[in-house]
Amino acid sequence: MAQRCVCVLALVAMLLLVFPTVSRSMGPRSGEHQRASRIPSQFSKEERVAMKEALKGAIQIPTVTFSSEKSNTTALAEFGKYIHKVFPTVVSTSFIQHEVVEEYSHLFTIQGSDPSLQPYLLMAHFDVVPAPEEGWEVPPFSGLERDGIIYGRGTLDDKNSVMALLQALELLLIRKYIPRRSFFISLGHDEESSGTGAQRISALLQSRGVQLAFIVDEGGFILDDFIPNFKKPIALIAVSEKGSMNLMLQVNMTSGHSSAPPKETSIGILAAAVSRLEQTPMPIIFGSGTVVTVLQQLANEVYGEKSLNQCNNQDHHGTHHIQSRGQVQCHPPSGPGHSQLPDSPWTDSPRVTSIGNTDSRFFTNLTTGIYRFYPIYIQPEDFKRIHGVNEKISVQAYETQVKFIFELIQNADTDQEPVSHLHKL
């Protein structure tokens, strides 16, 4: 598994970190400088221990978002103090500005040495969904480590990414790294409720006239053993995401005594309406864009090109998620304020639509390149743990994520720019 991990990581790093380019002159000195200043992603035993302990400490802070109106604000404030404690170099470096936005979200501005290079943005969020203890093997906010596995709410969604971003930057700074290309790190505090933290950060950057080369956020994984007969792990980069629509179904009837109920009660009528909605999913959209590209690539790997024709009408983007009390949340392929994002310029990697909403959707005015991916191995049983019970991540997987970001930041220092591209849907 370790060898396979290295191979896939190398492939993903190549795809995600090396931009297709419009030819630009790079003098010999520039190339020599980049090669000479390259810092290897090799960490000492002490650094690796501190790395995992920092993540475990973050998991122990219950930054729960209960609803759009309620969250654990005490824990959100505590988390802000915590990142100051465990990443002292990040918060004390002269060319890094740290701002608290909308009370609890965080924006780090890392000033590069070459202002001619367009900046980029790395994103994550540190709020988590509730985690009742029933069904958990360990307390959900214990951050307990067993046999090289760290358990707890947020280990996959999305404190691992928050901590990996800051950890990678901390380790680079300790090694005297100075970036050429400026970049931002955005850490949202209310992503789980589609809140205002990331929206305010986006508005703040727009007010400063910022335009971004690209954004990397959560949303894509390395899928392992998801598809029958497909033995290779699949690194999926999500380049768009579904829109959303919230509905409130309400039934009004004449009141009466419960001892003589009408033939149809309001609850029965409401239940029938929800049932009809479940039986009428959103229309299938298939035949072009990212879905057909992914299926073509996977079909070629397993059966050859002709197997693609057997996959028609199997795109299940239009699903309904039913909430209690007659509320319905729908996720069609697009919705008001949720424009489809462009195809990835990295043509050799499967590009997909993220099945969930992310904070990156608030930044579409800042760039045409939003790539939702972090290199975490996910198997079918792991996918159920996200927002479920026994959420966990291996120490090795977390170290891999830190290394990935460590390399990404350095690779982004190239003079080369992404090619402009348009969505194909």
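Below, the structure is looked at part by part.

Cut-offs used in this document
Residues numbered from 1 in each chain as written. Predicted model: local features only at pLDDT ≥ 70, side-chain atom pairs only at ≥ 80, totals over all residues. Heavy atoms only, no water. Helix = DSSP H or I, 4+ residues; strand = E, 2+ residues; numbered from the N terminus. Buried < 20%, exposed > 50% of the residue type's maximum accessible area, 1.4 Å probe, protein only. Contact = heavy atoms within 4.5 Å. Core = buried A, V, L, I, M, F, W, Y, C linked by side-chain atoms within 4.5 Å. Pairing = 2+ DSSP bridges. Axes fitted to C-alpha atoms, helices over the stretch in contact; angles between N-to-C directions. Salt bridge = Lys/Arg side-chain N within 4 Å of Asp/Glu carboxyl O.

Some thoughts on the environment of Leu205
Mapped onto the fold, Leu205 is located in helix H7 (residues 197–207). Of the residues examined, Leu205 reaches a relative accessible area of 0% and is grouped as buried. As for Leu205 and Phe184, which are separated by 21 residues in sequence, their C-alpha atoms are 9.7 Å apart. Residue contacts for Leu205: discarding those within four places in its chain leaves Leu107, Phe184, Val210, Phe363 and Leu366.

A word on the nonpolar core
With 71 residues, the main nonpolar core has Phe108, Leu122, Met163, Ile185, Leu187 and Ile405 as its most contacted residues. It is helix H6 (residues 159–174) that contributes the most residues to this core, 10 residues altogether. Among all residues touching Ile405, those that are not within four sequence positions of it are Leu122, Ala164, Leu165, Ala168 and Tyr374. Core analysis: the next-biggest nonpolar cluster, separate from the first, contains 14 residues, Ala198, Leu212, Phe363 and Leu366 among them.

Digging into the sheet that holds strand S17 (residues 392–394)
As summarised here, the arrangement of the three strands in space is S4-S5-S17, forming an open sheet in which the pairing is antiparallel. Whereas interior strands pair on both sides, the edge strands pair on one side only; in this sheet they are strand S4 (145–146) and S17. Where strand S5 (residues 149–151) lies against S17, three bridges are found, and the strand directions are antiparallel. Looking at S17, one finds that Tyr151 is bridged to Lys392. Along the sheet, helix H3 (residues 45–59) contacts S4, S5 and S17; its crossing angle with S5, the most-contacted strand, is approximately 20°.

Description of the pattern of salt bridges
Counted under the stated rule, the structure contains 12 salt bridges. Ionic pairing is found between Glu407 and Arg38, a salt bridge with its closest N-O pair at 2.3 Å. Of this pair, Glu407 sits in helix H11 (residues 395–411) while Arg38 sits in the loop between helix H2 (28–36) and H3, placing them 369 residues apart in sequence. Owing to a relative accessible area of 35%, Arg38 belongs among the partly exposed residues under this scheme. As a salt-bridge pair, Arg48 and Glu399 come within 3.2 Å of each other at their nearest N and O atoms. Here Arg48 is found in helix H3, whereas its partner Glu399 is found in helix H11, with 351 residues between them in sequence. With a relative accessible area of 40%, Arg48 lands in the partly exposed category. Take Glu399: its relative accessible area is 12%, and that puts it in the buried class. Shared partners join several salt bridges into a network, and the residues in it are Lys52, Glu53, Lys56 and Glu145.

Distances and angles like these do not, on their own, reveal function.
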